[in-house]
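So you can see what is in the structure, the chains are spelled out below.
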Amino acid sequence: MRIAVDAMGGDHAPKAVIDGVMKAIADFKDLDITLVGDQEKIAAHLTDHERIHIKHAEEVIEATDEPVRAVRRKKNSSMVLMATEVAEGRADACISAGNTGALMTAGLFVVGRIEGIERPALAPTLPTVSGDGFLLLDVGANVDAKPEHLVQYAIMGAVYSEHVLGVKNSRIGLLNVGTEDKKGNDLTKQAFQNLKKLDLNFIGNVEARDMLDGVADVIVTDGFTGNIALKTVEGAALSIFKMLKSTLTSSFATKLAASVLKPKLKEMKAKMDYSEYGGAGLFGLKAPVIKAHGSSDESAIYHAIRQARGMVTQNVASCIEQKIKQKTDE
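Here the structure is a predicted model, which is why all the values come from computation and not from measurement.

Colleague: Quick question: what am I supposed to make of the overall build of the chain here?
Modeller: For the chain, the helix and strand inventory stands at 11 helices and 12 strands. Its C-alpha radius of gyration of 20 Å places the chain within 12% of the 20 Å reference for a compact globule of 330 residues. With the C-alpha coordinates aligned to their principal axes, the bounding extent of the chain is approximately 65 × 60 × 35 Å. Relative to its 330 residues, the chain shows a buried fraction of 49%. Here the analysis covers contacts within the chain between residues at least 6 apart in sequence; of these, 69% occur between residues at least 24 apart. Of the roughly 15,900 Å² of accessible surface on the chain, 51% is carried by carbon and sulfur atoms. Here the chain contributes 40 positively and 43 negatively charged side chains, and the mean placements of these two sets differ by 3 Å.

Colleague: Looking at this structure, how should I read the packing of aromatic side chains?
Modeller: Both the distance between ring centres and the angle between the ring planes are used here to describe each pair of aromatic rings. Going through the model one piece at a time under the given rule, you end up with 3 aromatic pairs. Arranged with centres 5.8 Å apart and planes meeting at 15°, the rings of Phe28 and Tyr302 form a pair that is stacked. Highlighted residues: Phe28 in the loop between α1 (15–27) and β2 (32–37) and Tyr302 in helix α10 (residues 298–313), separated in sequence by 274 residues. Pair check on accessibility: Phe28 and Tyr302 agree, each one buried. Considering the side-chain rings of Phe192 and Phe202, the 5.3 Å spacing of their centres and the 70° angle between planes classify their relative orientation as edge-to-face. Within this pair, whereas Phe192 is found in helix α7 (residues 186–196), its partner Phe202 is found in strand β9 (residues 201–206), the two being separated by 10 residues in sequence. For the pair formed by Phe192 and Phe202, the shared burial category is buried. Sitting over the face of the ring of Tyr302, Lys23 holds its NZ or CZ atom 3.6 Å from the ring centroid.

Colleague: Even after reading the chapter, I still don't get the confidence of the model for the chain, so can you show me in this structure?
Modeller: Any residue range with low pLDDT should be treated as having predicted coordinates unsuitable for detailed reading. Per-residue pLDDT for the chain averages 91, and the proportion of residues at 70 or more is 96%. Strand β1 (residues 2–6) holds the highest mean pLDDT among the elements of the chain, 98, whereas helix α9 (residues 252–271) holds the lowest, 77.

Colleague: Teacher, can you tell me more about the side chain of Lys291 here?
Modeller: On the secondary structure map, Lys291 appears in strand β12 (residues 289–291). Here Lys291 is buried and forms no salt bridge, its nearest opposite-charge partner Asp11 lying at an N-O distance of 8.5 Å. There is a polar contact of 3.3 Å between the side chain of Lys291 and the backbone oxygen of Gly98. Not counting residues within four places of it along the chain, the set of residues in contact with Lys291 comprises Ser96, Ala97, Gly98, Asn99, Thr100, Leu103, Leu122, Gly279 and Ala280.

Colleague: Looking at this structure, I do not really get the side chain of Thr128. What am I missing?
Modeller: Looking at the secondary structure, you find Thr128 in the loop between β6 (125–126) and β7 (134–137). Within the structure, Thr128 has its side chain in polar contact with the backbone nitrogen of Gly133 (distance 3.1 Å).

Colleague: Is there a simple way to think about the sheet that holds strand β8 (residues 171–175) in this case?
Modeller: Within a sheet, adjacent strands bond to each other through the backbone by hydrogen bonds, running parallel or antiparallel. The 5 strands are arranged β6-β7-β10-β8-β9 in an open sheet whose pairing can be described as mixed. With partners counted over all chains shown, the strands left at the sheet margins are β6 and β9, one partner each. Judged from the 3 bridges that link them, β8 and strand β10 (residues 218–220) form a sheet pairing that is parallel. Considered in β10, the bridge of Leu174 is made with Val220.

Colleague: How do you make sense of the pairing of β8 when you look at a structure like this?
Modeller: The two faces of the sheet receive side chains in turn, since in a regular strand these alternate between them. Most of β8 is tucked away, with 4 of its 5 residues classed as buried. Relative to β9, β8 runs parallel, the two being bridged by 5 bridges. Across the sheet, residue Leu174 finds its bridge partner in β9, namely Asn205. Each parallel crossover has a hand, and for β8 linked through α7 to β9 it is right-handed.

Colleague: How should I be thinking about the environment of Glu88 in this particular structure?
Modeller: Inspection of the secondary structure assignment puts Glu88 in the loop between α4 (78–87) and β4 (93–96). Counting along the chain gives 201 residues from Glu88 to Val289, while the straight-line C-alpha distance between them is 14 Å. Of the polar contacts made by the side chain of Glu88, one reaches the side chain of Arg90; its length is 2.7 Å.

Colleague: It is not clear to me how the pattern of salt bridges should be interpreted in this structure. Could you clarify?
Modeller: Note on pairing: side chains with opposite charge can pair once their charged atoms come close. For the structure on display, the rule yields 12 salt bridges. Note that Lys168 is salt-bridged to Glu162, the shortest N-O span being 3.7 Å. The exposure class assigned to Lys168 is exposed, which follows from its relative accessible area of 62%. Shared partners join several salt bridges into a network, and the residues in it are Lys55, Glu85, Glu88 and Arg90.

Colleague: Any chance you could explain the state of the cysteines here in plain terms?
Modeller: Disulfide: a covalent bond connecting the sulfur atoms of a pair of cysteines. Enumeration over the complete set of coordinates arrives at 0 disulfides. Left without a disulfide partner, Cys94 is nearest to the cysteine sulfur of Cys319, which lies 19 Å away.

Quick notes on the rules
- Residues numbered from 1 in each chain as written.
- Predicted model: local features only at pLDDT ≥ 70, side-chain atom pairs only at ≥ 80, totals over all residues.
- Heavy atoms only, no water.
- Helix = DSSP H or I, 4+ residues; strand = E, 2+ residues; numbered from the N terminus.
- Rg over C-alpha atoms; globule rule 2.2 N^0.38 Å.
- Buried < 20%, exposed > 50% of the residue type's maximum accessible area, 1.4 Å probe, protein only.
- Contact = heavy atoms within 4.5 Å.
- Areas by Shrake-Rupley, 256 points an atom, 1.4 Å probe, with all protein chains shown as cover.
- Lys, Arg positive; Asp, Glu negative; His and termini not counted.
- Charge placed at Lys NZ, Arg CZ, Asp CG, Glu CD.
- Phe/Tyr/Trp six-rings, centres within 6.5 Å; stacked < 30°, edge-to-face > 60°.
- Lys NZ or Arg CZ within 6 Å of the ring centre and 35° of its normal.
- pLDDT = per-residue confidence, 0-100.
- Salt bridge = Lys/Arg side-chain N within 4 Å of Asp/Glu carboxyl O.
- Polar contact = N/O pair within 3.5 Å; in protein donor to acceptor, adjacent residues only side chain to side chain.
- Pairing = 2+ DSSP bridges.
- Right-handed = clockwise from strand over helix to strand, strands pointing away.
- Disulfide = S-S within 2.5 Å.

Here's what the structure looks like:
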């Protein structure tokens, strides 16, 4: 299995990316990875390994670059060359922690869209209290959406949930302002009716406050709402841990209590660490494209590779294509 990785993408590139790649190569014997980026900078951190290759890239798409313009003008950037590896059949999947908009653009115009998919969706797996996790899509690939797009998101989410996360008959929820059937705006009301007609386990509307309780295995929404929900969850989690740290280090007594609670607090933090689930998959493309978080460390890159490997092994792109064709023919 061949995976192309943008070695220059992310806040801690290339070292964190390379360390994650080396860890994945050690654990997964079927992997063959191509690191795309500045050859000299990569070589400075890479120990020799027969299953890791370097493809030199002269340019880097920066976080501040305008996505579409950057992909068009920086043809020799690490991100575009990484996507080209997939498009030309030299890699089965690709991963980058770089500019999100640019990666979505490269995925759409270089890797290509599955026939029948109108708009791809960006979908991370987020933690739940039980530790099982749930898939949220879309979180920003498309700010605007139509009801038929949400239907396609549900189908793609169900395929991924079953084949990669191992959840049979996934519960599909529609993110809304209330759980009643007729709640919401025109988009959610029409999407609700369309989702009811599908041969999926659609459980109806769900509220944002119930997401982390595991109310559904797959939650669909438009990219604008999904992005706000994602960043709210991320921000709330970070704030809670900051408050806990402040409280537990405020006095000698609380420091003693913290020393006793430390193992359990570490367990809780690990359970709520979304990087353990991998990156956000860009669903609806001809091959797996994974967006790792910009602040990804070695562990986050490792799990993004594990996620991409799972998607390739389970032929997720082909399964989505077959499912979409089936629904179109019905």
